Amino acid sequence: MESLIFHPKVVHLPIALGVLMPLIAASLALAWWRSFLPKRAWLVAVALQTMLVLSGFVAMRTGEAEEGKVEPIVGESVLEAHEEAAEAFVWTSAAVLLLFVGAAILRREGASLALAVAATIGTLVVFGLGYRTGEAGGSLVYEHGAASAYTSPGEGSPAPAYRGDHEDHD
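Residues numbered from 1 in each chain as written. Predicted model: local features only at pLDDT ≥ 70, side-chain atom pairs only at ≥ 80, totals over all residues. Heavy atoms only, no water.

Undergrad: Please give an account of a nonpolar patch on the surface that cites residues and values.
TA: On the surface, Val 19, Leu 20, Leu 23 and Phe 127 cluster together into a nonpolar patch covering about 350 Å² of accessible area. With 3 residues, helix α2 (residues 12-33) is the largest single contributor of residues to the nonpolar patch. If you trace the backbone, Phe 127 turns up in helix α5 (residues 109-142). The exposure class of Phe 127 is partly exposed, given its relative accessible area of 35%. (Patch = residues over 30% accessible without salt bridge, like charges linked within 9 Å, V, L, I, M, F, W, Y side chains within 5 Å. Areas by Shrake-Rupley, 256 points an atom, 1.4 Å probe, with all protein chains shown as cover. Salt bridge = Lys/Arg side-chain N within 4 Å of Asp/Glu carboxyl O. Helix = DSSP H or I, 4+ residues; strand = E, 2+ residues; numbered from the N terminus. Buried < 20%, exposed > 50% of the residue type's maximum accessible area, 1.4 Å probe, protein only.)

Below you can see the structure in the form of structure tokens.
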């Protein structure tokens with residue numbers, strides 16, 4: 001693997017955060033609303049959503065850097081579908097981050113909590129877009145052979161399956 005930051009190494013953080021943020025945001029919003037935690041606890045959600053957005057942009061950049069190596073193997077249309085899904089995921093994550101920040105900085109408690117609820121709902125949309133992005137990326141690797149762009153001939157080939165219809169001989 002010749003590049004220091006290789007796309008598959010960085011995509012897991014934004015996808016994992018995309019899965020976790022609905023749970024984290026809902027828990028923090030509920031704890032804030034019920035006065036179990038102070039409003040400033042929402043800053044944890046802001047920080048994690050910021051990490052999602054930043055790592056998503058890094059993942060997009062590394063994906064763009066690897067595009068030329070993978071496209072000849074998988075084809076433009078399949079790669080484009082993954083790229084468009086990733087862009088929707090990251091840009092929607094950024095828009096949802098604005099809701100998170102708004103909830104954190106608004107002084108009126110009711111308006112702040114309303115934005116926190118909207119941000120939490122937004123994380124569900126981001127989750128769906130992240131799923132679509134990951135599914136498209138997995139399809140590139142497992143159905144279209146994108147990983148073969150980084151292996152020597154024969155190195156990325158799967159081992160023959162054991163069929164069980166022959167005897168082992170010593």
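Undergrad: An account of the layout of surface pockets is requested, with residue identities and associated values reported.
TA: Looking at the largest pocket, its volume works out to about 840 Å³. In this structure, the largest pocket is lined by 33 residues; those nearest its centre are His 7, Pro 8, Val 11, His 82 and Gly 137. When residues of the lining of the largest pocket are assigned to their parent elements, the largest contribution, 8 residues, is made by helix α3 (residues 42-74). Tallied by class, the residues present in the lining of the largest pocket amount to 19 nonpolar, 9 polar and 5 charged. (1 Å grid on protein atoms, 1.4 Å probe; cavity = no way out; pocket = protein on both sides within 12 Å on 5 of 7 lines; lining within 4 Å. Points joined across faces, edges and corners; volume = space filled by probe spheres on them. Nonpolar A, V, L, I, M, F, W, Y, C, P; charged D, E, K, R; others polar.)

Undergrad: Can you tell me about α3, naming the residues and giving the values?
TA: With 33 residues, α3 extends only 42 Å from end C-alpha to end C-alpha; this falls clearly short of the ideal 48 Å at 1.5 Å per step. The largest bend in α3 comes to about 60 degrees, at Glu 67. Positive phi shows up at Gly 75, right after α3, with a value of about 95 degrees. (Expected span 1.5 Å × (residues − 1). Bend = angle between axes of the 7 residues up to and from the residue.)

Undergrad: Let's hear about the nonpolar core: which residues, and what values?
TA: Counting residues in each nonpolar core, the largest one holds 27 residues, and the members touching the most others are Trp 42 and Phe 100. Among the elements of the structure, α2, α3, α4 (76-105) and α5 are those that each provide at least two residues to this core. When near neighbours in sequence (up to four residues on either side) are disregarded, Phe 100 contacts Met 21, Ala 25, Trp 42, Ala 45, Val 46, Gln 49, Ala 119 and Thr 123. Judged by nonpolar contacts, the second largest core, of 8 residues, contains Val 70, Val 74, Leu 79 and Ala 149. (Core = buried A, V, L, I, M, F, W, Y, C linked by side-chain atoms within 4.5 Å. Contact = heavy atoms within 4.5 Å.)

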